[in-house]
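# Understanding the architecture of this molecule
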Amino acid sequence: MSREERRFVLEDDIIEGGVLLEEEPVVSAQFCWNKLCKYDACDYCLRSLERADDMASRLAGMKVECPHPELVPQSIKRVACDHEGCAAMYCSDTCKHAAYKKYHNILCTQANPQLCPLVLELEEQWREFHPPPETTSITLFLRTFAQAINEHDATLTMLDLLCCHSEATLDGEVVQHKLYHEPFSTHLAILLPMIQAIFSPGIVQRNIAPIEKYLEPEGFKKLWVLFGMNSLGVGTSSFAEYACALREFEEVEPQVEEFLDDVYDKIHENVGGFMDVEGSALYLKQSACNHSCVPNAQCSFPKGNHTVHVTALSPMQQGQEAFISYLDECTLACSRNSRWEDLKNNYLFLCDCDKCQRQATNPNESDEEEDSCDEEAEEREDEK
């Protein structure tokens, strides 16, 4: 499949829906566009800091009254950074202290005012290069560097373990990751000196030896390839948590689904796909999960923060490998050629799962066409 040297193999049997892995990330960050659009979230764990009804009302552009209001937390704790004027807000003292220890002691723009214009310029440039939807965040990059400077063990292990190849030979052709091509290569060439300015010794006033090789052009590109091939999108939403609780409520009325559908329709009309507090994160163990176009596991965030759960989509046995999909549902339904193009450009491999092997004779056939062919075959068989 991909990166064969790393695999996620089950140590025990597990039932459908069972949790294979629960893991906190090495580093995580909210997307720059979501932050700009005032998606209020814990600066460390990405937990939403809005009540479910307030979030739904803001996104829908109208007042939303939630049935069974007892399921909506009436207050959400907000903990500010110790430095007055810092925009970072947390859901708990635990998150505040964890952030400060890992990266915020270096990146707090109020503790180090010289950083403020440099970071703002970098974020503005990033948004110009990456209109929504984002797939990763420049803040994730800054925090990774800060954690490495702080000699955070998991970060140093991640950089050593995951900083992988930037090209591969596929079907006899040498393929470089898309970040080595335009327009991305130009984007990186513009971003690099801005990152170098932020982490110059006169600004951070720390030993930058742990990150020096990544401040060179080739190391910088390879680190971005690491992010592109290993980071995972994180979606947290207080309204989504409320919706789950409402559906599980034992006295739930039949019109609940109608209410939720109506709210989500209004949100989509008002803000499009911006429904969650979205960000990205890097995980040591989860990143070992390889891809299949017919996955037997999936990732989710049931705790409402950046803690990922990898759960089984079917019963699995000890020694079996867990596969997730690197592609979204829409891309998964496309032809093998389309899926392979996406995997080749973004992950430098070609999938050989059962579905890809089955479609080898007709690699331009989509799921819909394949299902239609299967139905026609079954009809012909019945006529016999």
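The following paragraphs examine the structure supplied in this document. (Residues numbered from 1 in each chain as written. Predicted model: local features only at pLDDT ≥ 70, side-chain atom pairs only at ≥ 80, totals over all residues. Heavy atoms only, no water.)

### A short note on the sheet that holds strand E8 (residues 277-282)
- On the basis of which strands lie adjacent, the open sheet formed by three strands has the order E2-E8-E7 and antiparallel pairing. Two strands lie at the open edges of the sheet, namely strand E2 (27-30) and strand E7 (232-236), each paired on one side alone. Here the strands of the sheet are splayed against their neighbours by 30° on average, with no regard to which way each runs.
- With five bridges joining them, E7 and E8 adopt antiparallel strand pairing. Note on E8: the bridge partner recorded for Gly233 is Ser280. (Pairing = 2+ DSSP bridges. Helix = DSSP H or I, 4+ residues; strand = E, 2+ residues; numbered from the N terminus. Axes fitted to C-alpha atoms, helices over the stretch in contact; angles between N-to-C directions.)

### Description of the pattern of salt bridges
- Under the counting rule described, the total for this entry stands at 12 salt bridges.
- For the salt bridge of Arg143 with Asp43, the shortest nitrogen-to-oxygen distance reads 2.9 Å. In this pair, Arg143 is assigned in helix H5 (residues 138-149) and Asp43 in the loop between helix H1 (32-36) and helix H2 (52-60), connecting sequence segments 100 residues apart. Judged on exposure class, the residue Arg143 and its partner Asp43 are both buried.
- Where Asp53 meets Arg51, a salt bridge forms, and the shortest distance between an N and an O atom there is 2.4 Å. (Salt bridge = Lys/Arg side-chain N within 4 Å of Asp/Glu carboxyl O. Buried < 20%, exposed > 50% of the residue type's maximum accessible area, 1.4 Å probe, protein only.)

### A look at unusual backbone geometry
- The omega angle of the peptide bond from Glu182 to Pro183 is 5°, so this bond is cis rather than trans.
- Here Pro183 lies in the loop between strand E6 (173-176) and helix H7 (184-198).
- A positive phi angle is found at Leu46, which is not glycine, with a value near 70°.
- Note on placement: Leu46 falls in the loop between H1 and H2.
- Note on Leu46: relative accessible area 1%, which makes it buried.

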